[in-house]
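Structure at a glance
One letter stands for each residue in the lines below.
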Amino acid sequence: MIIVLYSKISLHFQEQCFEHYLQRLPKVMQRQVMQYQKWQDQQARLLGKLLLQSGCKVLQYPFDPLEHIEYTRFKRPYVPGDIDFNISHAGEYVICAIAGGYRCGIDIEKHKNISLLDYKTHFTKKEWLHIHTAKDNTTSFFTIWTQKEAIIKGDGRGMYLPLSAVTIQNGISLIDDQPWYIYPVPIGQSYTCHLAIDNPVATSDITAKYIAY
């Protein structure tokens, strides 16, 4: 089962409410959240951790995941056991994928005007042609970009694995003999989000839910 939980960064997150939820985090994570200067960054980090707690409860993980987070040599966070998770945020949204029995990666991006040439090296010639011949260059760019990002985040090596080395055909990417399956996650207008899973699942096995804190 895969759960995708998301929430909005809000101006209406009052200080008292923020402090209430901050206390749900281990002390070291509280300090990490407060190291950020902008309230949007603080809230994004806090919401990501709250979403992880909520998702693990649904999947009946027996512990508070925040008390058991460990890191791979590539600094990818994980919890011991059969649960995997990944967090992403962009614009006003924070999103967390929690998977029972699967590896997962997720990426969300807000559409914005960018210089496409600055990103050319991250795409294959075929992908680059597809982006430039698409009716909507921006949507095409962010579709391929979030798919690639979700895959490398699921793989766990992050940017140690170049985006240009990730190719996708018919919703599947093969990385070192490990297939990754891509699923779109509809979030909001002007946003693109994709989920990558290391085994195929029925779309009915993926539950997406908005949570308001």
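See above for the structure.
What you are looking at is a predicted structure, and each value in this text was computed from that prediction instead of being measured.

1. Regarding the sheet that holds strand E4 (residues 83-90)
Strand order in the open sheet formed by four strands is E4-E5-E1-E10, and the pairing between neighbours is mixed. Each edge of the open sheet is held by one strand with a lone partner, namely E4 and strand E10 (206-210). Put simply, the sheet's adjacent strands are angled 15 degrees from each other on average, direction ignored. The sheet contact formed by strand E1 (residues 2-8) and E10 spans five bridges and is parallel. When the bridges of E10 are listed, Ile2 appears paired with Ile206.

2. Describing the pattern of salt bridges
Any two side chains of opposite charge can pair, on the condition that their charged atoms come close. Per the counting criterion, the structure on display carries seven salt bridges. Across the salt bridge formed by Arg45 and Asp41, the nearest N and O atoms sit 3.8 Å from each other. Taken together, the residues Arg45 and Asp41, both in helix H3 (residues 39-58) and four residues apart, mark about one turn of the helix. In this structure, Arg103 engages Asp84 in a salt bridge whose closest nitrogen and oxygen atoms are separated by 3.4 Å. Here the residue Arg103 occupies a position in the loop between strand E5 (93-100) and strand E6 (104-110), and Asp84 occupies one in strand E4, the gap between them amounting to 19 residues. What makes Asp84 buried here is its relative accessible area of 4%. Shared partners join several salt bridges into a network, and the residues in it are Arg76, Asp84 and Arg103.

3. A short note on the environment of His130
Among the structural elements, His130 can be located in helix H4 (residues 125-133). Using a relative accessible area of 45% as the deciding quantity, one classes His130 as partly exposed. Setting aside anything within four residues of it in sequence, one finds His130 in contact with Ser140 and Ile144.

4. Looking at the packing of H4 against helix H5 (residues 137-155)
Across the interface, H4 lies against H5 with an axial gap of 7 Å and an inter-helix angle of 150 degrees. Judged by residue contacts, Glu127, His130, Ile131 and His132 of H4 engage Asn137, Ser140, Phe141, Ile144 and Lys148 from H5. Taken together, the residues of the contact of H4 with H5 sort by class into three nonpolar, four polar and two charged.

5. Here's the deal with the packing of helix H1 (residues 15-22) against H3
One can describe the packing of H1 onto H3 by two numbers: an axis separation of 10 Å at closest approach and a directional angle of 45 degrees. By the criterion of interaxial angle, the relationship of H1 to H3 is oblique. Classified by chirality, the crossing of H3 by H1 is left-handed. Counted together, Phe18, Tyr21 and Leu22 of H1 and Gln42, Gln43, Leu46 and Leu50 of H3 form the full contact between these two elements. Residues belonging to the contact of H1 with H3 are distributed by class as follows: five nonpolar, two polar and no charged.

So, how was this worked out
Residues numbered from 1 in each chain as written. Predicted model: local features only at pLDDT ≥ 70, side-chain atom pairs only at ≥ 80, totals over all residues. Heavy atoms only, no water. Pairing = 2+ DSSP bridges. Helix = DSSP H or I, 4+ residues; strand = E, 2+ residues; numbered from the N terminus. Axes fitted to C-alpha atoms, helices over the stretch in contact; angles between N-to-C directions. Salt bridge = Lys/Arg side-chain N within 4 Å of Asp/Glu carboxyl O. Buried < 20%, exposed > 50% of the residue type's maximum accessible area, 1.4 Å probe, protein only. Contact = heavy atoms within 4.5 Å. Nonpolar A, V, L, I, M, F, W, Y, C, P; charged D, E, K, R; others polar. Parallel < 35°, antiparallel > 145°, perpendicular 65-115°, else oblique. Left-handed = near helix turned anticlockwise from the far one by under 90°.

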